[in-house]
Amino acid sequence: MQVQFTRIGLVSISDRASQGVYEDKGIPALSSWLEKTLLSPFETVTRLIADEQATISETLAQLVDHEHCHLILTTGGTGPSLRDVTPEATLAIADREMPGFGEQMRQISLRFVPTAILSRQVAVIRKQCLIINLPGQPKSIQETLEGLKDADGNVLVPGIFAAVPYCLDLLATDGQPMPYLETAETIVKSFRPKSAQRPASTVKE
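Residues numbered from 1 in each chain as written. Predicted model: local features only at pLDDT ≥ 70, side-chain atom pairs only at ≥ 80, totals over all residues. Heavy atoms only, no water.

The next point concerns the pattern of salt bridges. Per the counting criterion, the structure on display carries eleven salt bridges. Glu 43 is the partner of Arg 7 in a salt bridge, and the nearest nitrogen-oxygen pair spans 3.1 Å. Remark: Glu 43 occurs in strand β2 (residues 42-49) and Arg 7 occurs in strand β1 (residues 6-13); sequence separation between them is 36 residues. Note that Arg 83 and Asp 15 form a salt bridge whose closest N and O atoms lie 3.0 Å from each other. Pair noted here: Arg 83 is in the loop between β3 (71-75) and α4 (86-92) and Asp 15 is in helix α1 (residues 15-18), with a separation of 68 residues, a long-range link. Classification of Arg 83 as partly exposed rests on a relative accessible area of 37%. (Salt bridge = Lys/Arg side-chain N within 4 Å of Asp/Glu carboxyl O. Helix = DSSP H or I, 4+ residues; strand = E, 2+ residues; numbered from the N terminus. Buried < 20%, exposed > 50% of the residue type's maximum accessible area, 1.4 Å probe, protein only.)

See below:
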């Protein structure tokens, strides 16, 4: 049995945006990036919520347990202020932590600003879903997902999304297969060992 669609949860975490004080920019930025990057069919489930730890944890658990998301990307709430509780809320519902994602995001952001060390993004696995905290600003979201390239397009620092498709592959079981996610190499080239690679798709279904 093959899973046809990757189901992706997009969660924007902001007190003021969730109250309508200003327009949310996180979900549109994530949606736009996925549309131009993913070659495989996917569908999104979106949530705009406040910086409340219990609400964040409940939302993430619901997206995994009831919406059956394979991947969840959050944006916002990862700084050092007292209202920034996204990492704690994410860890609270996790089965396992994936520290390499947060480490790589900070390495990328440090190329731009020294305050990147204040970012506390984490990534975890709950059941068969990968959950990744991303920065709150659209520009930073793109930088961490894609990585850094020189003027000729050569990769200087790999973006974190390069590892996402193979991570999802590894979460598959005999009874619960996972979607085979493919990306546009001009934006971010996903990495799989040769033994895990399939013939590339040319169109998005």
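The next point concerns the environment of Glu 67. With respect to the helices and strands, the residue Glu 67 is situated in the loop between α3 (53-65) and β3. Separated by 109 residues in sequence, Glu 67 and Gln 176 have C-alpha atoms that sit 15 Å apart. Ignoring anything within four residues of it in the chain, the contact list for Glu 67 reads Arg 7, Val 45, Arg 47 and Gln 62. (Contact = heavy atoms within 4.5 Å.)

Further remarks concern the UniProt feature "domain: MoaB/Mog" (unreviewed entry) in the chain. Taking the UniProt record as the reference, the feature "domain: MoaB/Mog" (unreviewed entry) is found at residues 9-155. The straight-line gap between the two end C-alpha atoms of residues 9-155 is 28 Å; of that span, 38% is helix and 23% is strand. (UniProt positions renumbered as here; feature names shortened; annotations may be inferred.)

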